[in-house]
Amino acid sequence: MKRMSVALVLAGLLSIAIPGGAVHAAPESTSLDSVVKAIKKQFAKKSSVRFSVKWRGGPPPIWDMKASGAYRFRASGVYAADTTTITQDPEGTGRSRAISIGREFCSQAYVRSNDGNYVWKSPSAVGRWTCARNLAGVIWGEDLINGINPGFLKLVAAHGATSADGGTFEGVKTTLHSGTVTVPGLGERQAGMYFRTEEEEGASWNEPITWKLWVGPDNLPRRFHAIMRFTPKYVGDEVETMTMNIIYRGWGTPVKITAPPERLITVD
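Residue positions within a chain follow its written sequence, with the count starting from 1. Given that this is a predicted model, residues contribute local features only at a pLDDT of at least 70 and side-chain atom pairs are listed and counted only at 80 or more, while totals for whole chains, interfaces and linings are drawn from all residues. Side-chain numbers come from the whole structure's heavy atoms, not from hydrogens or water.

Draft legend 1. Structural context of the pairing of strand E6 (residues 104-112). One requirement defines pairing of two strands: DSSP has to find at least two bridges between them. Numbering of helices and strands starts at the N terminus; helices are DSSP runs of H or I of at least 4 residues and strands are runs of E of at least 2. Direction of pairing for strand E5 (residues 92-101) relative to E6: antiparallel, over a ladder of nine bridges. Looking at E6, one finds that Thr-93 is bridged to Arg-112. Connecting E5 to the next strand, E6, in antiparallel fashion are two residues, including Gly-102 with a positive phi near 60 degrees. Alignment of E6 against strand E8 (residues 130-133), held across four bridges, turns out to be antiparallel. Following the sheet pairing, Cys-106 is matched in E8 by Cys-131.

Draft legend 2. The arrangement of the pairing of strand E11 (residues 185-189) in detail. Judged by how many residues are buried, E11 sits mostly within the fold: five of five residues are covered. Classification of residues uses two cut-offs on accessible area relative to the type maximum, computed with a 1.4 Å probe and protein chains only: under 20% is buried, over 50% is exposed, and between them is partly exposed. Burial of E11 is two-sided: the residues Gly-185, Gly-187 and Arg-189 facing one way and the residues Leu-186 and Glu-188 facing the other way are all buried. Bridging between E11 and strand E12 (residues 192-196) involves five bridges; their strand directions are antiparallel. Paired with Gly-185 across the strands is Arg-196, a residue of E12. Between E11 and E12, which pair antiparallel and follow one another directly, the connecting turn spans two residues.

Draft legend 3. Examining the packing of aromatic side chains more closely. Pairing of aromatic rings covers Phe, Tyr and Trp, the last counted by its six-membered ring, and requires centre-to-centre distances within 6.5 Å; plane angles under 30 degrees mean stacked, over 60 mean edge-to-face, and any other angle means tilted. Within this structure, the stated rule accounts for eight aromatic pairs. Members of the aromatic cluster, each reached through a chain of ring pairs, are Phe-43, Phe-73, Tyr-248 and Trp-251. The rule is short: NZ of Lys or CZ of Arg within 6 Å of the ring centre and within 35 degrees of the ring normal puts a charge over the ring. The ring of Trp-214 carries the charged tip of Arg-223 above its face, separated from the ring centre by 4.5 Å.

Draft legend 4. Structural detail: the pattern of salt bridges. Salt bridge criterion: a side-chain nitrogen from Lys or Arg within 4 Å of a carboxyl oxygen from Asp or Glu. Considering all chains together, one arrives at seven salt bridges under this definition. Between Glu-104 and Arg-133 there is a salt bridge; the shortest N-O distance is 2.1 Å. Residue Glu-104 is found in strand E6, and its partner Arg-133 is found in strand E8; the two are separated by 29 residues along the sequence. The class for Glu-104 is partly exposed, based on a relative accessible area of 34%. Of the residues examined, Arg-133 reaches a relative accessible area of 48% and is grouped as partly exposed.

Draft legend 5. Broad picture of the state of the cysteines. Cysteine sulfurs are considered disulfide-paired once they come within 2.5 Å of each other. As enumerated under the stated definition, the model contains one disulfide in all. A disulfide bridge connects Cys-106 with Cys-131, and the sulfur atoms are separated by 2.1 Å. Of note, the bridge from Cys-106 to Cys-131 carries an S-S torsion of about 110 degrees and is right-handed in sense. Of this pair, Cys-106 sits in strand E6 while Cys-131 sits in strand E8; the two residues are 25 residues apart in sequence, bridging distant segments of the chain.

Draft legend 6. The confidence of the model for the protein, seen in detail. A score between 0 and 100, pLDDT records how confident the predictor is in each residue. Confidence along the protein averages 85 in pLDDT terms, with 81% of residues attaining 70 or more. Taking the mean pLDDT of every element in the protein, the minimum, 43, falls on helix H1 (residues 4-7) and the maximum, 97, on helix H2 (residues 33-44). Confidence drops under pLDDT 50 across residues 1-30; counting only partners more than four residues distant or on other chains, this segment forms 113 contacts. Any pair of residues with heavy atoms lying within 4.5 Å of one another is described as a contacting pair.

As structure tokens, then:
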């Protein structure tokens, strides 16, 4: 899909599935229990966190991109997100902003060439927004590959996680949790990269995720790094690798996420 990196703002309608191989079992680890508990305590407090993330590589049409923003929580997890994504492609610089609050989703995006012309816009007027409801791709879930997702942390803990001194990150002493898990499939939607738990018929990939999570003395994540290798089952197919690096800052710092003003919402 052309301009996939920018069109992620429209990906509430989109879910890109990349089938893979079987999950490989390993001895259960309980070292991440305290991290899950600390995160869920933030959920219960309806707290928030700011983040920045970089993606690189992966099977087409996944491109290099970076994003930043904030999450607001409720007891069940991430309730609201405000994310700005920047991409570079042959046609110019892409910029998108997406706001999700519950099941409400609003977005704006464009690609601008080096000479300042707009190559592509959504909506057609810069500065305006399109909005929709109940788009499955924007909803957070237990299947997202993210260092603050209890569902992912429970998965990797059950497949062998190790813990060690993580050194200091941004002035905070950390513990490093790490491991590798192979999942039946990976995919991408507006909310982020996600994993499958069941193998699909005709799957042609084995997809290991090698991950690292640095947490502070309060057991809250400070940095998450994942390498996802799309390894073909068949000789002759190319191996694709995607890396993702997320930094979390300002746990508990007040964050206000609001929908765009109605006067700026349009229908293309």
